[in-house]
Amino acid sequence: NAGVMQNPRHLVRRRGQEARLRCSPMKGHSHVYWYRQLPEEGLKFMVYLQKENIIDESGMPKERFSAEFPKEGPSILRIQQVVRGDSAAYFCASSEDSGENQPQHFGDGTRLSIL
Amino acid sequence: GNSVTQMEGPVTLSEEAFLTINCTYTATGYPSLFWYVQYPGEGLQLLLKATKADDKGSNKGFEATYRKETTSFHLEKGSVQVSDSAVYFCALKGSYKLIFGSGTRLLVRP
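Residues numbered from 1 in each chain as written. Chains lettered and ligands numbered in written order. Predicted model: local features only at pLDDT ≥ 70, side-chain atom pairs only at ≥ 80, totals over all residues. Heavy atoms only, no water.

Enquirer: An account of the interface of chain A and chain B is needed here, citing residue identities and associated values.
Expert: With 24 residues of chain A at the interface, the matching set in chain B holds 24 residues. Across the interface of chain A and chain B, roughly 1,900 Å² is buried in total on both sides, 48% from carbon and sulfur atoms. Our count for the chain A to chain B interface comes out at 1 salt bridge. Taking the shortest distance from any N to any O, the salt bridge between B:Lys97 and A:Asp56 comes out at 3.7 Å. Linking chain A to chain B there are 11 residue pairs in polar contact (both at pLDDT 80 or more). Elements with a contribution of two residues or more to the side of chain A that touches chain B: β4 (31-37) and β5 (43-50) of chain A. Here the side of chain A that touches chain B is composed, by residue class, of 8 nonpolar, 9 polar and 7 charged. (Contact = heavy atoms within 4.5 Å. Buried area = accessible area lost by both parts, 1.4 Å probe. Salt bridge = Lys/Arg side-chain N within 4 Å of Asp/Glu carboxyl O. Polar contact = N/O pair within 3.5 Å; in protein donor to acceptor, adjacent residues only side chain to side chain. Helix = DSSP H or I, 4+ residues; strand = E, 2+ residues; numbered from the N terminus. Nonpolar A, V, L, I, M, F, W, Y, C, P; charged D, E, K, R; others polar.)

The structure is reproduced here in structure tokens:
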């Protein structure tokens, strides 16, 4: 499968724990985007990364959330000390470049549930 | 700022009915416009796109035309199938960010 791969598909955490979400972009794509989808809502942009660089993190909460896209390996979205309000579906997308006409290709998401 | 407004759902249709899902946008400049579809438990799949005014995107019987004068990108299909039941998202892309509407759920009954 050459698509965007996210894991795990489902993640359950207790309040105060850490959640780590992984995303491997499509082959040949070096641009990665993370979006969050709350129940019955559209997706909201969180962060845009290129290899080893955060380009725009304006949609990401300033505290507890961080993202990286290392030279080797998948992109990671990390949420520390999770709270109930973090329960959502987190989607990763990738593209070949960041041009306006370039579509973003999405993974199947990680559904995070906080107990 | 940029935004997308979609008609609220759910939209319930019988098989072979005509479908329209309205989408209007507010944007500076001339963004690209997209329709994505989300089936239950899955991610978003690109359905179609249009990159400039009067462009028509089409795929799998779905069509949408980029109307600059009315700032709209309505999704249409002449004859829906049960398998089209899903949530449809309209989105615009001004630079690298996708800005989504809230989604419209479509239910097609046999």
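Enquirer: Please provide a residue-by-residue account of the state of the cysteines, values included.
Expert: Overall, the coordinates contain 2 disulfides over all chains when judged by the stated rule. Each disulfide pairs two cysteine sulfurs, and for A:Cys23 the partner residue is A:Cys92, the sulfurs being separated by 1.8 Å. On the sign convention where negative means left-handed, the S-S torsion of about -55 degrees between A:Cys23 and A:Cys92 marks this disulfide as left-handed. Here A:Cys23 is found in strand β3 (residues 19-24), whereas its partner A:Cys92 is found in strand β9 (residues 88-95), with 69 residues between them in sequence. The pair formed by A:Cys23 and A:Cys92 is uniform in burial state, with each residue classed as buried. The side chain of B:Cys23 participates in a disulfide bridge whose partner is B:Cys90; the two sulfur atoms lie 1.9 Å from each other. Disulfide B:Cys23-B:Cys90: the torsion about the S-S bond is -65 degrees, which places it as left-handed. (Disulfide = S-S within 2.5 Å. Buried < 20%, exposed > 50% of the residue type's maximum accessible area, 1.4 Å probe, protein only.)

Enquirer: Help me get a handle on the sheet that holds strand β9 (residues 75-77) of chain B, residues and values and all.
Expert: Within a sheet, neighbouring strands are paired by backbone hydrogen bonds and run either parallel or antiparallel to one another. Residue and element names in this part refer to chain B. Spatial ordering of the open sheet is given by β3-β9-β8-β7, a layout of 4 strands whose pairing is antiparallel. Whereas interior strands pair on both sides, the edge strands pair on one side only; in this sheet they are β3 (19-21) and β7 (56-59). Mean inter-strand twist for the sheet, computed between neighbouring axes without regard to direction, equals 15 degrees. Two elements, strand β8 (residues 62-65) and β9, share 3 bridges in a ladder whose sense is antiparallel. Within β9, the residue paired with Glu-63 across the bridge is Glu-76. (Pairing = 2+ DSSP bridges. Axes fitted to C-alpha atoms, helices over the stretch in contact; angles between N-to-C directions.)

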